[in-house]
Every structure is written in C-alpha cells, then in structure tokens.
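Below are the chains, spelled out letter by letter.
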Amino acid sequence: MQRIRLRYTKRGRLRFTSHRDFQRAFERALRRAEVPMAYSAGFTPHPKVSYANAAPTGTGSEAEYLEIALTEARDPETLRALLDESMPSGLDIIDAVEARTSGLADRLTASVWELRLDGVDVDDARKAVDAFLAAESVEVQRKTKNGLRTFDTRGAVVELTAAPAPGDPQGDRPLDSACAILRLVVRHVTPAVRPDDVLSGLRAVADLAPPVPAAVTRLAQGLFDEESGTVTDPLAPDREAVTAAPPTAAATASATAPGDGTA
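1. So, the overall build of the protein chain
Argument step 1. Helices and strands together make up the secondary structure of the protein chain, namely 6 helices and 11 strands.
Argument step 2. Put simply, of all contacts in the protein chain between residues at least 6 apart along the chain, 77% involve residues at least 24 apart.
Argument step 3. When the accessible surface of the protein chain is totalled, it reaches about 14,100 Å², and 50% of it is carbon and sulfur.

2. Here's the deal with the nonpolar core
Argument step 1. Formed by 27 residues in total, the largest nonpolar core has its most connected members in Leu115, Leu160, Leu182, Leu184 and Leu202.
Argument step 2. Counting residues per element, this core draws most heavily on helix H3 (residues 122–134), at 5 residues.
Argument step 3. Beyond its immediate sequence surroundings of up to four residues, Leu184 is in contact with Ser111, Val112, Trp113, Leu115, Val157, Glu159, Leu160, Pro195 and Val198.
Argument step 4. Listed in part, the 21 residues of the second largest apolar core include Phe26, Ala29, Leu66 and Ala96.

3. Description of the side chain of Arg116
Argument step 1. Relative to the assigned elements, Arg116 resides in strand E5 (residues 110–118).
Argument step 2. By relative accessible area, Arg116 is classed as buried at 8%.
Argument step 3. At 3.3 Å, the side chain of Arg116 forms a polar contact with the side chain of Asp118.

4. Details of the pattern of salt bridges
Argument step 1. Here the structure, examined in full by the defined rule, presents 18 salt bridges.
Argument step 2. The partner of Arg3 in a salt bridge is Glu67, with the nearest N and O atoms 3.0 Å apart. Taken together, the residues span a long stretch of sequence, with Arg3 in strand E1 (residues 2–10) and Glu67 in strand E3 (residues 60–70) at a distance of 64 residues.
Argument step 3. Residue classification places Glu67 among the buried positions, given a relative accessible area of 15%.
Argument step 4. In this structure, the salt-bridge partner of Asp197 is Arg142, at a minimum N-O distance of 2.3 Å. In this pair, Asp197 is assigned in helix H4 (residues 195–206) and Arg142 in strand E6 (residues 139–144), connecting sequence segments 55 residues apart. Per residue, the accessibility class of Asp197 equals that of Arg142, and both read buried.

5. So, the confidence of the model for the protein chain
Argument step 1. Put simply, the protein chain has an average pLDDT of 89, and 89% of its residues get 70 or more.
Argument step 2. Counting interchain partners and residues more than four positions distant, the pLDDT-below-50 stretch residues 168–172 has 2 contacts.
Argument step 3. Taken as a whole, residues 252–263 scores under 50 in pLDDT and shows 2 contacts with residues more than four places along the chain or in a different chain.

6. Topic: the packing of aromatic side chains
Argument step 1. By the definition in use, this model includes 3 aromatic pairs.
Argument step 2. For the ring pair Tyr8 and Phe22, a centre distance of 4.1 Å and an interplane angle of 10 degrees mean the geometry is stacked. With Tyr8 in strand E1 and Phe22 in helix H1 (residues 19–32), this pair connects stretches of sequence that are 14 residues apart. Accessibility assignment for this pair places Tyr8 and Phe22 in one class, buried.
Argument step 3. Between the aromatic rings of Phe22 and Phe26, the centroid separation amounts to 5.9 Å while the plane-to-plane angle is 10 degrees, which identifies the pairing as stacked.

So, how was this worked out
Residues numbered from 1 in each chain as written. Predicted model: local features only at pLDDT ≥ 70, side-chain atom pairs only at ≥ 80, totals over all residues. Heavy atoms only, no water. Helix = DSSP H or I, 4+ residues; strand = E, 2+ residues; numbered from the N terminus. Contact = heavy atoms within 4.5 Å. Areas by Shrake-Rupley, 256 points an atom, 1.4 Å probe, with all protein chains shown as cover. Core = buried A, V, L, I, M, F, W, Y, C linked by side-chain atoms within 4.5 Å. Buried < 20%, exposed > 50% of the residue type's maximum accessible area, 1.4 Å probe, protein only. Polar contact = N/O pair within 3.5 Å; in protein donor to acceptor, adjacent residues only side chain to side chain. Salt bridge = Lys/Arg side-chain N within 4 Å of Asp/Glu carboxyl O. pLDDT = per-residue confidence, 0-100. Phe/Tyr/Trp six-rings, centres within 6.5 Å; stacked < 30°, edge-to-face > 60°.

This is the structure in structure tokens:
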C-alpha cells in the first residue's frame, strides 16, 4: 500500500557494526514500533526492506538510505520518530519521506567523505593531495574473494582537499598532535573506489602513511550534479512529488481519525 524511504546514521562506536548487525537491529525496531510491514512470499517470509549502498564496516555515516514497504498507510514523520526511539543510540533514523518516485538506488551516484588523519601534518597532506590530483591514473591493489585486484582510483575522484582539523567536539580524539582532514567526493563506479583505496593511492604517489587508522565518515551521498559539482539530496524528488500531489491515504486517515476533538 505504501513505501517509505528513510535516512539513517552510523555514529560513534556504532560505526563498527556490520551491515548484517544493522539489519537485525532495524528488524527488531520494526517489531517494537509495530510497523505494519509487507512481507516476502515463500517458506521463510522476510520484511520487505531494500538497503541502498551501505557504508563499509568501520566507517561512520550521516547518509545511509533504505526503503520499507507497508501494508497500511502511515505518516512518515510519525513512523520515523517511533523507529528512532526503538534503535540503539548512534543508529539514528533522521529523515523519512513517502516514496513517490522510482529508482532511489539510481540516484546514489556519488558520496562525500571526511577522512581524519591523526598524526599527519596538513602541509604534508596537501602535497600528497596535489600529487594525487596531478596524476592521470593512480593504481592500487585490493584483496578480493577472487584474489588480488588492481584498479585505478584517480578516475572516480571528483574532488579531494586537505585542511587542518578544527578539533574534536566529542572529545574521543583530542587534538593534541598534528591532524589533517581530507574531504573527498567520489563517484560510485565499478569496481567501487572506497576511501581506504584513495588513502592507498596517496601512499603510492606521495608516501603519505598515517600512523594510526583514519577515522572515515560519509557526510552525504546522492546524485552528482555535473553543473554545480555538488552531491544532491536523493530524497528531494520524493518531497517535491509529495508537495505537488493530492493528499495520500495516510494523510486522509490521520485527518479523519477518532479523537480529533470533533463532535
């Protein structure tokens, strides 16, 4: 009857949850919130949840997306609040919209990443970034289930900059030494180029090797706008469609529900 698209986060220590761990937590939240889920057919029915381009384990994110199918219409914001209350802190449901368009996954064509490099001087990071961007190709190797694979990282990188760290407001990584912040905009290509692949590329072209693992956070993902060079909100077309369309069954049900103060 209704499809809802949700944006959620992976923050703090919850960045180390695997995609399967999140799936289990989310399905428990669906049951706690008594969401009228649609289920798949067959001998082992599963709630109809579609996940889109999940971030790798160990990386934080402010922009993960999924879609759920319901058998009864619900107000998206009310549903979001109920689900958020049922999720662990750090796995936060921060946005919801009724799906009025097709192809959410097709609108996730690029990501904006932030990489915190503790122990790296910002001038060294900038020199490495300049060397990376000046190269026509930067090949790296990654171990896959089919063996070692070599691929180019440079072609997928739209933007890469380095800046000094402003400090850590949460205090879990105090700024008591050199620290550089990389901002990376990368296209979703095949094979996928991940932030750690770009770090491998920086090591290859400029011998940049952070003394501790980088803290990586996805800030946004969506459709890459070639004209403006920005990554746009993938839920915006659904919001625009909701605004332009007549009231849905969920809105009508909410307006005519008992106990609204009418005689």
